[in-house]
Amino acid sequence: MSNEAAGNAGSTTTATAPEPQSGPGPEPLPHGIGSSLPSAESRAKTEGTFPYASDLWAEGLLWAAVLRSPHAHARIVSIDTSQAREMPGVRSVVTHEDVPGEALHGRKTADRPVFASDVVRHHGEPIAAVAADHPDTARMAAAAIFVEYEVMEPVTDPEKAFAAEPLHPDGNLIRHIPLRHGDPEAAGELVVEGLYRIGRQDPAPIGAEAGLAVPRPDGGVELYIASTDPHTDRDMAASCYGIDPGIVKVVVTGVPGATGDREDASFHLPLGLLALTTGCPVKLTATREESFLGHAHRHPTLLRYRHHADAEGKLVKVEAQVLLDAGAYADTSSDALAAAVSFACGPYIVPNAFIEGWAVRTNNPPSGHVRGEGAMQVCAAYEAQMDKIAKKLGIDPAELRLRNAMATGDILPTGQTVTCPAPVAELLAAVRDFPLPELPKDTPEDEWLLPGGPEGAGEPAAVRRGVGYGLGMVQLLGAEGTDEVSTATVKVHDGIATVICAAVETGQGFSTLARQIVQETLGIDDVRVAPVDTDQPPAGPSCHGRHTWVSGGAVERAAKMVRTQLLQPLAHKFGMSTELLQITDGKITSYDGVLSTTVTEAMDGKELWATAQCRPHPTEPLDEAGQGDAFVGMAFCAIRAVVDVDIEIGSIRVVELAVAQDVGRILNPTQLKARIEAGITQGVGAALTENLRTPRGLVRHPDLTGYALPTALDTPDIRIVKLVEERDVVAPFGAKAASAVPVVTSPAAIASAVRAATGRPVNRLPIRPQAAVAT
C-alpha cells in the first residue's frame, strides 16, 4: 500500500494488484522514512527458520518444570520434595528456601514471591521448580512434590476486597485516585447512569513462554528469553539470585508476538535459579495451560457512571467510580488505574469531573500490562453513556459526540492542557460520512454472512443491523514522572550501517523503523539492527509506543551525528557548512552542484560511529486531587461499527469497522496498516469472545479451545477511512503510536452498534448472547 493510499479516505484492507511497470529494470526497493520497507526477519519467520527461545539448545542441557498451585487461596502447611529428588534423572529441586537473594520481585512494586512460602494467593502461583535430564522427567518430578495445603476461602469479588482480611502484608488496596475537577454542585438538565463490567482478556501470545538459562564461569547466569524489558528483568533476576547485576545477562530471543509484558518473571526467575544450582544450562518450554496460569491479564473492571448534560447534549459533569481487579499482586495496576481515571471522560470537553478510582488485590490471577490498559475499560463505559444521552434527547449519536469533541488546547479532567494534535471531530466526521456497507439479501448465498454462520443462525428475518460509534484515546509513553529515556548507537563501516539499541522488536516494527531512519539520514541501503542484550545501554520496555518515539529518536540523533562526521571534512574542504550538503540515494551533493560524490567514497574506509540519547519532556505524578501534567502525549481514534444481530438467539456478526486515526506521520504505510488491523482484531475479541473465566479464582479451560480467540471468520472488513497526519512537534518524526488506540476504541464501537440493533443496554464486555436478544 503506498504512502499516499494509506493517507487517503476510503482506503481499505484489501490490497490492489500493482499496475504493470513499463521501462527497463525492476522497481527500486523501498527506502527511508515513508516507504513500506519490509521487515528483515519476515522471510525467516515465514520459512520457520527464525530462532525463538523454544528452539534454543546448549551442550549438557537440562529441562525445567514448575509446580504451580492448584488453589486460588491456601495456607502451605508443608512441602515435601524428597520423592522428587530421589527420581532418576532429577538434578535439582528448588523452593522458597533456595532463593539466595530477595524473595520478592515486581515491575513496579516488589510484592510477588519467586516461590510461595507460607500462602498461595492465586491459582497457578509457583511453589517449586525442578531440573532434570528429560522434559518428561522434570514434569513427573514436579508432580511428585507433595504440598500439604490448608485451603482458604478466596476473595474473588473486588468490591469485597475492601472489607476482607488482608490477602497480602501490603494490604488489599494498591492505589486510590480521587480526581476532582470543577464544581461539585454543577448539574445538568439530563442525567443518565450506568453500571458496566469488563471481563478478563488474556494476551494469548502466539507462542507460549520459553527460555534458556546458561551459568557463567564468573558465578553469574545468562538468560535467553523473549523479554520486552530486558534490563528490568536482569535487575529483578540479580536481586532474587543475590548477585551483582553485572554478572547477569539477558539476551533477547525472537519474540513470538507481544501485546504487553511478554515474559513473566514467574517463568525465567526459577529457570536461572536452577542453572545456578546445577551448574548446567536449563531450558523451560511452557505448555499453553502454564502460559495462561503464569502471565498477567487485562484488568477486569467494574464501572459506575453518572453523566449530566444540558438540553442540547453538551456535557456538564461526569461522575464515575472505577474499580480495577489487580488479582493477587500489584504489577502495573497503579499505572493502569492512572490511565483509567485520567481518561474516564473520554476525548470530550467536560468542565466538571469527579472520578474515584481504586485498584485492589484479590485471589484472582494477576492483572498487568495489556494494550490500552485502563483506557479500554473506561472507553466502553463512557461511550455507552453517550449513547444513552443521545437516545434520551433524540439526537443522532454521532452528532452528540461532535458537539462535545475535544480539540487541541482543551483541558483534561486532570488539569493538563492537550498540547498535542487532537483532531477528534475530524476523525469522527470521516467515519460518519463514509458510505455504509450494502444490506445483505434476505437469503444470502453465503451462509457465513449470517450471524452464527451455517446451522447457527435463526431465520434471516430475525437479523437486525446496527450502526454504532466509538471515540477513544490513549497515552503515549509512560506517565506520572516516568523517566522515558533510550540510548542508541549507529556505526558505519564498509558500506554497512549497524544500529545498536536495546529496544525489543515485539512486532511493532521498531527494527524496520531503525533501518528506515538510518537509510534516510545517511543514504546507506544496507542497514542492520544488532541483537538485543543487557550489555547494551537500557532502552526501556516495549509498550505505549515508546520505541517509535524514544528509541527511534535516539537512533535519529545518533545517525545525524554520524552524518555530521561524514560531511564535515567535505564541507571544510569546499568552504561550506554541512547544512548545504545533502545525501540522496547514496550520493552526497552540494546545493550548487560543485560537489558530487558517493557515501562510500567519502567514507574512504573509515569507521564512523556515534551514541545518542532521547529523553522526552518530563511529566509529574497526579496529586491528591488527581491533578497534574501526567502524560507526554496522546493519540485518538474514531470507529464506526456496523453489526448484524440475530435478535432471537443473540448471535452477532461484525460486518464492518470504519476507522479514522490520528497517526501524526506515516512512517511505514504497510506496517501502519497492519498495526491498526491487529489492534482492531484484538478489540473484536474483547468485545465478543475473549473472557478468561475464573470461578472461585480458578482458571477454567486454560487453553485455546476454552478461550475463544477471534478467527479470520470473526474479523470484519476493516476500512481505514482516514489517517490524519498532523505532526506532534515534540515527537521525533511527529509520529504517534498506532496499535493501542484501536484496541481501546473498537469494543466500545461494537457494543454501540449492538445497542442500536437491539435496543438493549449492553453493559458488559464481552457481549453475551442474552444481552443481544431484543425484548
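Residues numbered from 1 in each chain as written. Predicted model: local features only at pLDDT ≥ 70, side-chain atom pairs only at ≥ 80, totals over all residues. Heavy atoms only, no water.

Here we have three strands laid out as an open sheet, ordered β7-β3-β9, and antiparallel in their pairing. Edge positions in the sheet fall to β7 (119–120) and β9 (146–151), since each has one partner strand and no second. Inspection of the sheet shows strand β3 (residues 74–80) paired to β9 by six bridges, in the antiparallel sense. In the strand pairing of β9, alanine 74 is matched with valine 151. (Pairing = 2+ DSSP bridges. Helix = DSSP H or I, 4+ residues; strand = E, 2+ residues; numbered from the N terminus.)

With respect to the helices and strands, proline 761 occurs in the loop between α16 (740–758) and β30 (764–765). A residue is classified by how much of its surface remains accessible, and proline 761, at 43% relative accessible area, is partly exposed. Between the alpha carbons of proline 761 and threonine 332 there is a distance of 31 Å; along the sequence they are 429 residues apart. (Buried < 20%, exposed > 50% of the residue type's maximum accessible area, 1.4 Å probe, protein only.)

Judged by pairing direction, the sheet is mixed, and its four strands sit side by side in the order β22-β21-β20-β26 without closing on themselves. Only two strands of the sheet have a single partner each, and these edge strands are β22 (527–529) and β26 (608–614). With strand direction ignored, the average angle separating the axes of adjacent strands in the sheet is 20°. The pairing of strand β20 (residues 486–493) with strand β21 (residues 496–501) spans six bridges and is classified as antiparallel. The partner of valine 492 across the bridge, within β21, is alanine 497. Where helix α12 (residues 510–522) meets the sheet, it contacts β20, β21 and β22, and its direction lies at approximately 145° from that of β22. Across the face of the sheet, helix α13 (residues 546–573) comes into contact with β20, β21 and β26 while running at roughly 145° to β26. (Axes fitted to C-alpha atoms, helices over the stretch in contact; angles between N-to-C directions. Contact = heavy atoms within 4.5 Å.)

Attention now moves to the pairing of β21. Burial along β21 is one-sided: Ala497, Val499 and Cys501 are buried, while Ile496, Thr498 and Ile500, pointing the other way, are not. Linking β20 back to β21 in an antiparallel pair, the connection comprises two residues, with aspartate 494 at a positive phi of about 55°. Relative to β22, β21 runs parallel, the two sharing three bridges. Residue pairing across strands places alanine 497 opposite valine 527, the latter belonging to β22. For the crossover from β21 across α12 to β22, the handedness is right-handed. (Right-handed = clockwise from strand over helix to strand, strands pointing away.)

Two side chains of opposite charge can pair, provided their charged atoms sit close to one another. One pass over the structure, following the stated rule, counts 37 salt bridges. Between arginine 216 and glutamate 222 there is a salt bridge, and its shortest N-O distance comes to 3.7 Å. Residue classification places arginine 216 among the partly exposed residues on the basis of a relative accessible area of 22%. With relative accessibility at 18%, the residue glutamate 222 sits in the buried group. Between arginine 401 and aspartate 387 there is a salt bridge whose closest N-O contact spans 3.0 Å. In this pair, arginine 401 sits in helix α10 (residues 397–404) while aspartate 387 sits in helix α9 (residues 375–393), placing the two residues 14 residues apart along the sequence. (Salt bridge = Lys/Arg side-chain N within 4 Å of Asp/Glu carboxyl O.)

Grouped together as the largest cluster of nonpolar side chains are 161 residues, with contacts concentrated most on Tyr305, Val490, Phe636 and Ile750. Setting aside its immediate chain neighbours within four residues, valine 490 contacts Thr498, Val499, Val518, Leu522, Val555, Ala558, Ala559, Val562, Leu608, Trp609 and Ala610. (Core = buried A, V, L, I, M, F, W, Y, C linked by side-chain atoms within 4.5 Å.)

Residues Glu620, Asp623, Glu624 and Asp629 make up a contiguous surface patch of negative charge. Inspection of the secondary structure puts aspartate 623 in the loop between β26 and β27 (631–646). Looking at aspartate 623, the relative accessible area reads 34%, which means it is partly exposed. (Patch = residues over 30% accessible without salt bridge, like charges linked within 9 Å, V, L, I, M, F, W, Y side chains within 5 Å. Areas by Shrake-Rupley, 256 points an atom, 1.4 Å probe, with all protein chains shown as cover. Lys, Arg positive; Asp, Glu negative; His and termini not counted. Charge placed at Lys NZ, Arg CZ, Asp CG, Glu CD.)

All right, on to the confidence of the model for the protein chain then. Taken over all residues, the pLDDT of the protein chain has a mean of 90, while the share at 70 or more is 93%. Here residues 1–26 is modelled with pLDDT under 50, and outside its nearest four sequence neighbours on either side it reaches 37 contacts, counting other chains as well. (pLDDT = per-residue confidence, 0-100.)

Time to look at the packing of α9 against α10. Viewed as axis vectors pointing N to C, α9 and α10 meet at an angle of 110°, and their least axial separation amounts to 9 Å. The pairing of α9 with α10 is recorded here as roughly perpendicular in orientation. The two elements α9 and α10 meet at a crossing, and its hand is right-handed. Of α10, the residues touching α9 (which contributes Glu383, Met386, Asp387, Ile389 and Ala390) are Pro397, Leu400, Arg401 and Asn404. (Parallel < 35°, antiparallel > 145°, perpendicular 65-115°, else oblique. Left-handed = near helix turned anticlockwise from the far one by under 90°.)

With that settled, consider helix α8 (residues 333–342). Taken across its ten residues, α8 has eight buried, putting it largely inside the fold. Of all the residues in α8, the buried ones are Ser333, Ala336, Leu337, Ala338, Ala339, Ala340, Val341 and Ser342. Close packing links the buried residues of α8 with β10 (173–181), β17 (315–327), β18 (352–361), α9, β19 (463–479) and β27.

Right, let's talk about the packing of aromatic side chains for a bit. This structure, assessed with the given rule, holds six aromatic pairs. Across the ring face of phenylalanine 50, the terminal group of lysine 45 is positioned such that the distance to the ring centre comes to 5.0 Å. When the ring centre of phenylalanine 267 is taken as reference, the NZ or CZ atom of arginine 68 above it lies at 4.9 Å. (Phe/Tyr/Trp six-rings, centres within 6.5 Å; stacked < 30°, edge-to-face > 60°. Lys NZ or Arg CZ within 6 Å of the ring centre and 35° of its normal.)

The omega torsion across leucine 765 and proline 766 is -5°, close enough to zero to call that bond cis. Inspection of the secondary structure puts proline 766 in the segment after β30. Positive phi outside glycine occurs at aspartate 494, with the angle close to 55°. Inspection of the secondary structure puts aspartate 494 in the loop between β20 and β21.

What follows deals with the side chain of serine 486. With respect to the helices, strands and loops of the structure, serine 486 is situated in strand β20. Within the structure, the side chain of serine 486 is placed 2.8 Å from the side chain of serine 551, a separation counted as a polar contact. Once residues within four sequence positions are removed from consideration, serine 486 is found in contact with Cys501, Pro538, Ala539, Val550, Ser551, Ala554, Ala612, Gln613 and Cys614. (Polar contact = N/O pair within 3.5 Å; in protein donor to acceptor, adjacent residues only side chain to side chain.)

All chains considered together, the criterion is met by zero disulfides. Cysteine 345 takes part in no disulfide bond, and the closest cysteine sulfur to it belongs to cysteine 379, at a distance of 12 Å. Unpaired in this structure, cysteine 420 has its nearest cysteine sulfur neighbour in cysteine 637, at a distance of 14 Å. (Disulfide = S-S within 2.5 Å.)

Between its first and last C-alpha, α13 extends 40 Å over 28 residues, near the 40 Å set by a 1.5 Å rise per residue. The sharpest bend along α13 reaches about 35° and sits at leucine 567, with the proline proline 569 one to four residues further on. Phi turns positive one or two residues past the end of α13, at glycine 575, with a value near 65°. (Expected span 1.5 Å × (residues − 1). Bend = angle between axes of the 7 residues up to and from the residue.)

Our focus in this paragraph is the packing of α10 against helix α11 (residues 424–433). Helix-helix packing is described using two parameters, namely the angle between the two axes and the distance between the axes. Interhelical geometry of α10 versus α11 gives an angle of 165° and a closest axis separation of 9 Å. In terms of their interaxial angle, α10 and α11 are classed as roughly antiparallel. The handedness of the crossing between α10 and α11 is left-handed. Where α10 approaches α11, its residues Ala398, Glu399, Arg401 and Leu402 are matched on the opposing element by Ala425, Leu428, Ala429 and Arg432. For the contact of α10 with α11, the residue count by class is five nonpolar, no polar and three charged. (Nonpolar A, V, L, I, M, F, W, Y, C, P; charged D, E, K, R; others polar.)

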